[in-house]
Amino acid sequence: MGTRPLLNRRLAGMGTTIFAEMSALATATGSINLGQGFPDTDGPASVARAAADAVLAGRGNQYPPGPGIPELRQAVAEHQQRFRGIAYDPDTEVLVTAGATEAIAAALLALLEPGDEVIALEPFYDSYAACIAMAGAVRVPLTLRAPDFRPDLDRLRSLVTPRTRLLLLNSPHNPTGLVLSPAELAAIAAIAVEHDLLVVTDEVYEHLVFSGAHHPIAALPGMRERTVSISSAGKTFSFTGWKVGWVTASAPLVAAVRTAKQYLTYVSAGPFQYAVADALRLPDDYFDDFRADLLRKRDLLADGLSAAGFRVFRPEGTYFITTDITPLGEKDGIEFCRALPARCGVVAIPNAVFYDDTEAGRPLVRFTFCKQIEVLEEAVTRLGRL
Ligand SMILES: Cc1ncc(COP(=O)(O)O)c(C=O)c1O
């Protein structure tokens with residue numbers, strides 16, 4: 001095969017994701033996996049039943065329509081109106097995707113030219129760097145720093161150049177738990193409008209905000225026509241394996257993203273789309289109980305990690321807690337996470353893998369709390385032995 005590397009140079013260095021490595025380590029060592037963010041119980045039985053019924057009734061078993069089934073596009077539009085106060089036309093302004101992951105990929109592949117600069121909040125969810133690279137664009141990190149991880153808006157202004165095309169946001173933010181405030185969103189929106197930038201915003205944790213509220217940047221003046229909002233059913237309904245996500249944006253933006261999306265998967269998850277349409281229409285109690293349950297779990301794990309000697313940054317949103325391991329006499333999160341399963345039977349994720357500026361992330365380690373109370377209690381007991 002000659003000497004040329006098989007993997008193209010845009011993806012060089014992006015080997016196995018850390019989640020695969022750590023989940024395999026959890027299985028091999030029988031550890032409690034607080035690494036990858038997937039719940040250990042499934043979502044509502046009524047929603048699971050709707051998916052099973054759809055399969056058995058032959059709804060969605062053959063290629064569904066490219067933009068998504070009309071029932072789900074209608075339900076997404078209703079959800080955006082009900083929770084975010086934004087009206088979208090289900091026929092032209094909603095696109096169903098294979099999870100938020102495909103929505104991110106399709107948006108970046110559709111909207112970027114090689115050489116365009118993308119300013120993204122660092123630490124980044126791992127698919128952002130890969131998708132920016134696949135588009136041939138350049139990522140420009142706006143680093144969020146401990147202890148509060150608030151974005152430095154002056155720094156953001158200074159990062160904008162004539163080559164900047166797009167701001168890639170994520171709020172509530174994985175892994176820090178930051179929730180962008182109305183003032184921060186207004187400042188970011190003003191920068192986008194002033195420099196005529198597009199905004200892609202990943203809001204998959206929109207229903208997991210523990211203090212304050214989730215505010216959509218698309219609702220701010222001048223933003224609707226330049227914002228691609230992305231969300232998915234995985235986190236909100238605890239069905240991460242179904243991979244049903246969606247984009248809401250103006251018709252021209254949806255048309256652009258759809259053009260890329262149709263050559264990635266074309267369509268996916270036919271029967272699950274019917275079930276997610278039902279899920280999005282669940283009463284408010286569902287969303288309130290889901291959040292209250294995770295708040296209890298957040299506090300259980302945060303208190304346990306503090307007692308075990310970690311410095312804990314209690315998240316405002318998401319189901320992740322970022323910690324600093326320095327008080328434990330540790331310096332390097334990657335080494336710490338590789339050793340943790342053998343030391344105490346718990347798996348976590350080193351935040352350094354989400355940073356270009358690896359020094360900023362070196363002592364930080366992320367734990368998820370989307371697990372059953374007994375599992376979290378056992379994890380806390382084990383971590384207490386450190
Ligand atoms: C910030 C963020 N975006 C997107 C995703 C992936 O979403 P989906 O499973 O819908 O593709 C995740 C999953 O962990 C995430 O944390």
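Refer to the structure presented above.
This report concerns the structure included in the present document. (Residues numbered from 1 in each chain as written. Predicted model: local features only at pLDDT ≥ 70, side-chain atom pairs only at ≥ 80, totals over all residues. Heavy atoms only, no water.)

In this fold, H79 is placed in helix α3 (residues 70–84). Setting aside its immediate chain neighbours within four residues, H79 contacts R84, E206, H207 and L280. (Helix = DSSP H or I, 4+ residues; strand = E, 2+ residues; numbered from the N terminus. Contact = heavy atoms within 4.5 Å.)

What follows deals with the site of the ligand. The environment of the ligand is formed by 13 residues, the closest being T101, D202, Y205, S232 and K243. Note that an oxygen atom of the ligand is positioned 2.8 Å from one of the side-chain N or O atoms of K235. Relative to its free-state accessible area of 400 Å², the ligand is covered by the protein chains to the extent of 93%. Counting residues per element, the shell around the ligand draws most heavily on helix α4 (residues 99–111), which supplies 3 residues. Considering only residue class, the shell around the ligand consists of 5 nonpolar, 5 polar and 3 charged. (Near = heavy atom within 4 Å. Polar contact = N/O pair within 3.5 Å; in protein donor to acceptor, adjacent residues only side chain to side chain. Areas by Shrake-Rupley, 256 points an atom, 1.4 Å probe, with all protein chains shown as cover. Nonpolar A, V, L, I, M, F, W, Y, C, P; charged D, E, K, R; others polar.)

On to the packing of aromatic side chains, then. Following the criterion strictly, the structure yields 17 aromatic pairs and no others. Ring plane angle 80° and centroid distance 5.3 Å describe the contact between Y286 and F287, whose orientation is recorded as edge-to-face. Both residues of the pair, Y286 and F287, count as buried. Of the aromatic side chains, those joined through ring pairs into one cluster are F83, F237, Y286, F287 and F290. Over the face of the ring belonging to F320 we find R366, whose NZ or CZ atom lies 3.7 Å from the ring centre. We note K371 situated over the ring of F38; from NZ or CZ to the ring centre the distance is 3.9 Å. (Phe/Tyr/Trp six-rings, centres within 6.5 Å; stacked < 30°, edge-to-face > 60°. Buried < 20%, exposed > 50% of the residue type's maximum accessible area, 1.4 Å probe, protein only. Lys NZ or Arg CZ within 6 Å of the ring centre and 35° of its normal.)

The element helix α5 (residues 126–134) is largely enclosed, with a buried count of 7 among its 9 residues. Within α5, burial applies to S127, Y128, A129, A130, C131, I132 and A133. Buried positions along α5 lie against α4, β3 (117–122), β4 (138–143), β5 (164–170) and β6 (198–202). Backbone geometry just downstream of α5 places G136 in the positive-phi region, at approximately 75°.

The next thing to look at is empty space enclosed by the protein. Evaluation of the coordinates by the stated rule reveals 4 cavities of 30 Å³ or more. Within this model, the largest cavity holds a volume of roughly 40 Å³. I119, A120, L121, L142, L156, L167, L169 and I188 are the residues that line the largest cavity. Elements with a contribution of two residues or more to the lining of the largest cavity: β3 and β5. Within the lining of the largest cavity, the residues separate by chemical class into 8 nonpolar, no polar and no charged. (1 Å grid on protein atoms, 1.4 Å probe; cavity = no way out; pocket = protein on both sides within 12 Å on 5 of 7 lines; lining within 4 Å. Points joined across faces, edges and corners; volume = space filled by probe spheres on them.)

For the rest of this paragraph, the subject is a nonpolar patch on the surface. There is a patch of nonpolar side chains on the surface, built from L109, M134 and L264 and spanning about 240 Å² of accessible area. Along the polypeptide, M134 turns up in helix α5. Using a relative accessible area of 39% as the deciding quantity, one classes M134 as partly exposed. (Patch = residues over 30% accessible without salt bridge, like charges linked within 9 Å, V, L, I, M, F, W, Y side chains within 5 Å. Salt bridge = Lys/Arg side-chain N within 4 Å of Asp/Glu carboxyl O.)

Tracing the chain through its elements places S171 in the loop between β5 and α7 (182–194). Spatially, the C-alpha atom of S171 lies 9.5 Å from that of V209, the residues being 38 residues apart in sequence. At a separation of 2.9 Å, a polar atom in the side chain of S171 contacts the main-chain amide nitrogen of L180.

Taken together, the 6 bridges between β3 and β4 define a ladder with parallel strand orientation. For L121, the partnering residue across the bridge sits in β4 and is L142. Tracing the backbone out of β3, into α5 and back to the parallel element β4 gives a crossover that is right-handed. (Pairing = 2+ DSSP bridges. Right-handed = clockwise from strand over helix to strand, strands pointing away.)

Once that is clear, we can look at unusual backbone geometry. In this model, E122 is joined to P123 through a cis peptide bond whose omega is 5°. On the secondary structure map, P123 appears in the loop between β3 and α5. With an omega dihedral of 5°, the bond running from A146 to P147 counts as a cis peptide bond. Notably, K243 is not glycine yet its phi reads approximately 55°, a positive angle.

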